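# Coordinates in review
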Amino acid sequence: QTRGKPIRCRAAVSRKAGEPLVMEEVMVAPPMAGEVRIRIICTSLCHSDLTFWKLKEPPACFPRILGHEAVGVVESVGENVTEVAEGDTVLPIFIPDCGECMDCRSEKSNLCSKFPFEISPWLPRHKSSRFTDLKGEVLYHFLNVSSFSEYTVVDIDNITKISPAIPPNKACLFSCGVSTGVGAAWRTAKVEKGSTVVIFGLGAIGLAVAEGARLCGASRIIGVDTNLEKFDVAKKFGVTEFVNPRNCGDKPVSQAIVEMTDGGADYCFECVGFASLVQDAFASCRKGWGKAIMVGVDKPGAMLNFSSVEMLHCGKSVMGSIYGGLKPKSHIPVLLQRLVDKELNVDNFITHEMKFEDINKAFDLLAKGKSIRCVMWM
Ligand code: CXF
Ligand code: ZN
């Protein structure tokens, strides 16, 4: 019985920016009120883990346990937790869904105001860490999840219960990447049947947008990327046409897209994380109804630059999308049902699987752009 006691287990600790993670024994305290301690079954690597591993300035902090795409089993629950019980299979999800605040009660938002999203080193409710190393030094949390550990503690508002029948290597992808992209098409943009969609950046998130757009019945899915190798892969995800901005001659890429689409696309997604590309996405949208959706994460302080007259006269919109606009507790079960019904396909996202202890190899593969998703088994 481990309930109520600290657990000693293995974790991959990020001790210094950009340096290999250190596989070490750590102590994981029991969950406090409103928290859940979970045993991680498997975890995958998202580009945001890499971003915060490399980052030298705040909000970076070390030593930290990164990781936020995972699936696990509840080991024990803190006081006042009734929604899940020991043995339940759960997805930890970085954005909270308290179900009670004005935003969580609204269908229109996924931005909880009880625990506003922030990249904090602490668990949101008690503003403290459940991790220490064997010397007693505090290890910081990451994105409310910290899944690069055999056990972690997560707030109940960041937990979605799922069916144990779903293969864990597929389930874990819904913690972040797949949901972010599919949701951006389904919930944020609300792509309709017959739409023309343009995706800037064919990494994991862009490919997930393609899967979401396909699911919504888009007729044309145009992928934009400077890396030609991405095009072969993207075909498997339903991307029907390609544009390489370096092959557009003197034309800006948006002009090439406007010409291809006879006036502009219905929905254009920025999935790279360059503020300047949001302008290209916006310029590629059709006047009157086109929507540019920001999915990529640029550096803090990056600004968008639009002419106000152009904005006023064109009738287009720009939208931000975090976690694909999905409400974890109500929308993830819907997406997982579509996976079970074989409407949604995530097999092609999993390019690598390995043991958790090989995590530094997984970092290397993603940093070199050789993997889409690498699932690591505990
Ligand atoms: C991102 C979303 C925007 C802030 C940083 C983390 N989410 C997951 O990868
Ligand atoms: Zn992520």
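These figures come from a predicted structure and were not determined experimentally.

### Observations concerning the coordination of the zinc ion (ligand 2)
- Those protein atoms acting as donors to the zinc ion (ligand 2) are Cys46 (SG), His68 (NE2) and Cys176 (SG), and they sit at 2.0 to 2.2 Å.
- Each donor residue of the zinc ion (ligand 2) lies on the same chain, and together they follow the pattern C-x21-H-x107-C. Residue His68 is found in the loop between helix H1 (47-54) and strand S4 (69-77), and its partner Cys176 is found in the loop between helix H3 (168-171) and helix H4 (177-189); the two are separated by 108 residues along the sequence.

### Here we look at the site of ligand 1
- The full set of residues close to ligand 1 is Cys46, Ser48, His68, Phe94, Phe117, Ile119, Cys176, Val297 and Ile322.
- His68 places a side-chain nitrogen or oxygen 3.2 Å from an oxygen atom of ligand 1.

### Focus: the packing of aromatic side chains
- In total, this model carries 9 aromatic pairs according to the counting rule given.
- With 5.3 Å between their ring centres and 55 degrees between their planes, Phe52 and Phe142 make a pair best called tilted. On the criterion of sequence distance, the pair formed by Phe52 in helix H1 and Phe142 in the loop between strand S7 (138-139) and strand S8 (151-155) is long-range, its members being 90 residues apart.
- Relative accessible area serves as the criterion here: at 0%, Phe142 is assigned to the buried category.
- Among the aromatic residues, those joined into a cluster by ring pairs are Trp53, Phe148 and Phe363.
- The residue whose ring lies beneath Arg187 is Trp186, and the NZ or CZ to ring-centre distance is 5.8 Å.
- Taking the ring centre of Phe282 as reference, the NZ or CZ of Lys316 above it sits at 4.8 Å.

### As for helix H8 (residues 275-283)
- Within the span of H8, buried status applies to Ala275, Leu277, Val278, Ala281 and Phe282. Viewed along the axis of H8, the buried residues span an arc of 150 degrees, placing them on a single side of the element.
- Contact partners of the buried residues in H8: strand S10 (196-200), strand S13 (267-270), strand S14 (291-294), helix H9 (308-314) and strand S15 (317-320).

Rules and cut-offs
Residues numbered from 1 in each chain as written. Chains lettered and ligands numbered in written order. Predicted model: local features only at pLDDT ≥ 70, side-chain atom pairs only at ≥ 80, totals over all residues. Heavy atoms only, no water. Donors = N, O, S within 2.8 Å, 3.2 Å for Na, K, Ca; no water. Helix = DSSP H or I, 4+ residues; strand = E, 2+ residues; numbered from the N terminus. Near = heavy atom within 4 Å. Polar contact = N/O pair within 3.5 Å; in protein donor to acceptor, adjacent residues only side chain to side chain. Phe/Tyr/Trp six-rings, centres within 6.5 Å; stacked < 30°, edge-to-face > 60°. Buried < 20%, exposed > 50% of the residue type's maximum accessible area, 1.4 Å probe, protein only. Lys NZ or Arg CZ within 6 Å of the ring centre and 35° of its normal. Arc of directions from axis to C-beta. Contact = heavy atoms within 4.5 Å.

The values are spatial; any link to function lies outside them.
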